[in-house]
There are 4 protein chains.
Amino acid sequence: MIKSVTKIKVRYAETDQMGFVYHSNYFVWMDVGRTQMLEEIGLPYNEFEAKGYMLPVIEANILYKSPARFNDTVLVHSFIKTQPKLRILITYELFCGETMLCQGYTSHVFVKENVKPVRPPLHFTEKINSYFDHNP
Amino acid sequence: MIKSVTKIKVRYAETDQMGFVYHSNYFVWMDVGRTQMLEEIGLPYNEFEAKGYMLPVIEANILYKSPARFNDTVLVHSFIKTQPKLRILITYELFCGETMLCQGYTSHVFVKENVKPVRPPLHFTEKINSYFDHNP
Amino acid sequence: MIKSVTKIKVRYAETDQMGFVYHSNYFVWMDVGRTQMLEEIGLPYNEFEAKGYMLPVIEANILYKSPARFNDTVLVHSFIKTQPKLRILITYELFCGETMLCQGYTSHVFVKENVKPVRPPLHFTEKINSYFDHNP
Amino acid sequence: MIKSVTKIKVRYAETDQMGFVYHSNYFVWMDVGRTQMLEEIGLPYNEFEAKGYMLPVIEANILYKSPARFNDTVLVHSFIKTQPKLRILITYELFCGETMLCQGYTSHVFVKENVKPVRPPLHFTEKINSYFDHNP
């Protein structure tokens, strides 16, 4: 399993007139979380794009449990729990203190400029597999 | 079934450096779609908030199929296909021309200021049920 | 003078916890306004990018007068009042009904991929000048 | 003079199809900067709203000099350089490394729920003045 924790301070711009964070902003925070997770394991996202790869979201899901408010400190826990093949599944749990705000997932495939899915680049597969292949 | 179609013109601000619409913006468009759908059936969202109700998203999901681009005209098809009880399920299909961009759903509950779920207001239930009770 | 009017319906996502539209969103609406204005005069923005030009904002300003609210219908009046040379100045007045919400401006220069300012493409200059050269 | 420096990591969502940060997002970062500045001098923004005050933007301006890119680390320098009366002027300089990205300002007035300008709350004035009254 791969895990990373990212700290987010809630911005005023992210609230709506309910007085809570607007629901689509959690997807942005999950993106910030996975960007940091990939960087922490030596796979900075910028390098993929520099080599002509993109890693778009092909599915996104959130179950909302408790709302975040302006100026809250939110922790985004990001996980890769299953060894990816073509499809890469990342899961998330977001907390404010002890309170779980929401949990969700995104799934991704690598694409090249023609927007067709391709196999992940080799150094991605090797790096990710190194977290899963210890106990074969 | 209740159905509504909303037209969206893609804004430059909604693109990202992949050259496509950033994935969380589709959730904003779905929100625009359900706002219009509720207004069309005589249940403008503003009136709920004026009466102390809020209708937050408790789950959100999208399957992405084809990317939208700057200046595209996107049609958001919004549906209420099942008669809501406490939980209101809205589904969406987004198109650019003949191409389906994505499909998704959001589910909602009414809450009052204490952020606790409550039964929908009576005029909501009566109005919505009028679309489903024709053929009992 | 060149003028265009664009209609915007305020989205829930654009509000903040004050209950009004968050101030940076007016810049997005001004962008929607100038995109439509350029398209109306036969200079669709997409064509510039297709030819390797970009038209970034180099200054942006807004004076806020009255706040917009969720579901308001906002009219963005966009103007090119002075014949552009290297620098293109676009001004805006935003209204909700009779009420002026804000007025502002953006200025722009054409750049090529190296992010260096360049002269506007010839067909831009010719088209724009045709609105100003009637009374020399 | 009051000064504060806030660190921002550029999010993918903040880019647009030019490959740079979309111009309105710098206003959001300036907001993050002034929120932190007020908190650092013992005037957390939340407390104003808890007491029925709001501090909307009444003018906003940016001069763009160099674009920020995805994953850049941006430093927002926020300043109150002149002793505020009714109107509070905050200025900003944003940097990525040694490169100035942009400079700008926002001006603000306190309002109460009727959206009419009011004098700043006393503890605001006293606290801010303490930074300016040393050398009368």
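Residues numbered from 1 in each chain as written. Chains lettered and ligands numbered in written order. Predicted model: local features only at pLDDT ≥ 70, side-chain atom pairs only at ≥ 80, totals over all residues. Heavy atoms only, no water.

**Description of the nonpolar core**
A general trend in soluble globular proteins is that nonpolar side chains are found buried together. Rules: Remark: nonpolar core denotes a set of buried residues (Ala, Val, Leu, Ile, Met, Phe, Trp, Tyr, Cys) joined through side-chain atoms within 4.5 Å. Note on classification: 1.4 Å probe, protein chains only; a residue is buried when its accessible area is under 20% of the maximum for its type, exposed when over 50%, partly exposed between these limits. Two residues qualify as a contact provided that any one of their heavy atoms is within 4.5 Å of a heavy atom in the partner residue.
Within the largest apolar cluster, 89 residues are counted, with the highest numbers of intra-cluster contacts made by Tyr 26, Trp 29 and Leu 94 of chain C together with Tyr 26, Trp 29 and Leu 94 of chain D. The contacts of Leu 94 of chain C, once residues within four sequence positions are left out, are Tyr 26, Trp 29, Met 30, Val 74, Leu 75, Val 76, Thr 99, Met 100, Leu 101 and Cys 102 of chain C. Within the second largest apolar cluster, 88 residues are counted, among which are Val 74 and Leu 101 of chain A, Val 21 of chain B together with Tyr 12 of chain C.

**Quick look at the sheet that holds strand β3 (residues 73-80) of chain D**
For the record, the criterion: Strands are treated as partners if at least two bridges between them are detected by DSSP. Where helices and strands are cited, they refer to DSSP runs of H or I of at least four residues and of E of at least two residues respectively, numbered from the N terminus. For helices, the fitted line uses only the C-alpha atoms of the stretch in contact; every axis is such a line through C-alpha atoms, and the angle between N-to-C directions lies from 0 to 180 degrees.
In space, the 10 strands of this open sheet follow the order β1(C)-β3(C)-β4(C)-β5(C)-β2(C)-β2(D)-β5(D)-β4(D)-β3(D)-β1(D), with antiparallel pairing throughout. Since the sheet does not close on itself, it has two edges, and those belong to β1 (2-9) of chain C together with β1 (2-9) of chain D, each with one partner. With strand direction ignored, the average angle separating the axes of adjacent strands in the sheet is 15 degrees.

**What about the pairing of strand β1 (residues 2-9) of chain A?**
Residues and elements named next belong to chain A. Side-chain alternation along β1 places Ile 2, Ser 4, Thr 6 and Ile 8 on a buried face and Lys 3, Val 5, Lys 7 and Lys 9 on a face that remains uncovered. Summarising the sheet, β1 and strand β3 (residues 73-80) pair through 8 bridges and their orientation is antiparallel. By the bridge assignment, Ile 2 is partnered in β3 with Ile 80.

**Some thoughts on the sheet that holds strand β1 (residues 2-9) of chain B**
Here we have 10 strands laid out as an open sheet, ordered β1(A)-β3(A)-β4(A)-β5(A)-β2(A)-β2(B)-β5(B)-β4(B)-β3(B)-β1(B), and antiparallel in their pairing. One side of each edge strand has no neighbouring strand; the edge strands of this open sheet are β1 of chain A together with β1 of chain B. This sheet shows a mean twist of 15 degrees between the axes of neighbouring strands, independent of strand direction. Of the strand pairs in this sheet, strand β3 (residues 73-80) of chain B and strand β4 (residues 88-96) of chain B are connected by 5 bridges, and their pairing is antiparallel.

**A word on the interface of chain B and chain D**
Test applied: By convention, the term buried area covers the 1.4 Å-probe accessible surface removed from two parts as they join, with the contributions of both added. For salt bridges, the criterion is a side-chain nitrogen of Lys or Arg within 4 Å of an Asp or Glu carboxyl oxygen. When residues are sorted by character, Ala, Val, Leu, Ile, Met, Phe, Trp, Tyr, Cys and Pro go into the nonpolar class, Asp, Glu, Lys and Arg into the charged class, and all the rest, Gly among them, into the polar class.
In this complex, chain B contributes 9 residues to the contact, which on the side of chain D involves 9 residues. Interface area for chain B against chain D, summed over the two sides, is near 920 Å², with a carbon-plus-sulfur share of 58%. For the chain B face of the interface with chain D, the top three residues by lost area are Tyr 12, Gln 17 and Tyr 22 of chain B, together amounting to 61%. In this structure, the connection of chain B to chain D is made through 0 salt bridges. In terms of residue class, the side of chain B that touches chain D is built from 5 nonpolar, 3 polar and 1 charged.

**Thoughts on the side chain of Ser 24 of chain D**
Of note, Ser 24 of chain D is situated in the loop between β1 and α1 (25-40). Overall, Ser 24 of chain D belongs to the buried group, its relative accessible area being 4%. Excluding its chain neighbours within four sequence positions, the residues that come into contact with Ser 24 of chain D are Ser 24, Phe 27 and Val 28 of chain C.

**Thoughts on the interface of chain C and chain D**
As a reminder of what qualifies: Throughout this description, a polar contact denotes any pair of N or O atoms lying within 3.5 Å of each other; where both atoms belong to protein, one of them has to be capable of donating a hydrogen while the other can accept it, and for residues adjacent in sequence the pair is counted only when both atoms sit in side chains.
Listed per partner, the contact involves 27 residues of chain C and 27 residues of chain D. Buried area between chain C and chain D, summed over both chains or domains, comes out near 2200 Å², and the portion from carbon and sulfur atoms is 58%. When the buried surface of chain C facing chain D is broken down by residue, Met 18, His 23 and Tyr 64 of chain C rank first, second and third, together holding 22% of it. Joining chain C to chain D, the criterion identifies 0 salt bridges. Run the count over chain C and chain D and you get 10 residue pairs in polar contact (both at pLDDT 80 or more).

**Focus: the pattern of salt bridges**
Residues and elements named next belong to chain C. Across all of its chains, the model carries 13 salt bridges over all chains by this definition. Where Asp 31 meets Arg 34, a salt bridge forms, and the shortest distance between an N and an O atom there is 3.8 Å. Of the two residues, Asp 31 and Arg 34 both sit in helix α1 (residues 25-40), 3 residues apart, roughly one turn of that helix. The two residues Asp 31 and Arg 34 agree in class, both being buried. Between Arg 87 and Glu 59 there is a salt bridge; the shortest N-O distance is 3.1 Å. Of this pair, Arg 87 sits in the loop between β3 (73-80) and β4 (88-96) while Glu 59 sits in strand β2 (residues 57-64), and the two are 28 residues apart along the sequence. Since its relative accessible area comes to 42%, Arg 87 is described here as partly exposed.

So, to be careful, I would describe these as geometric facts and stop short of saying anything about function.
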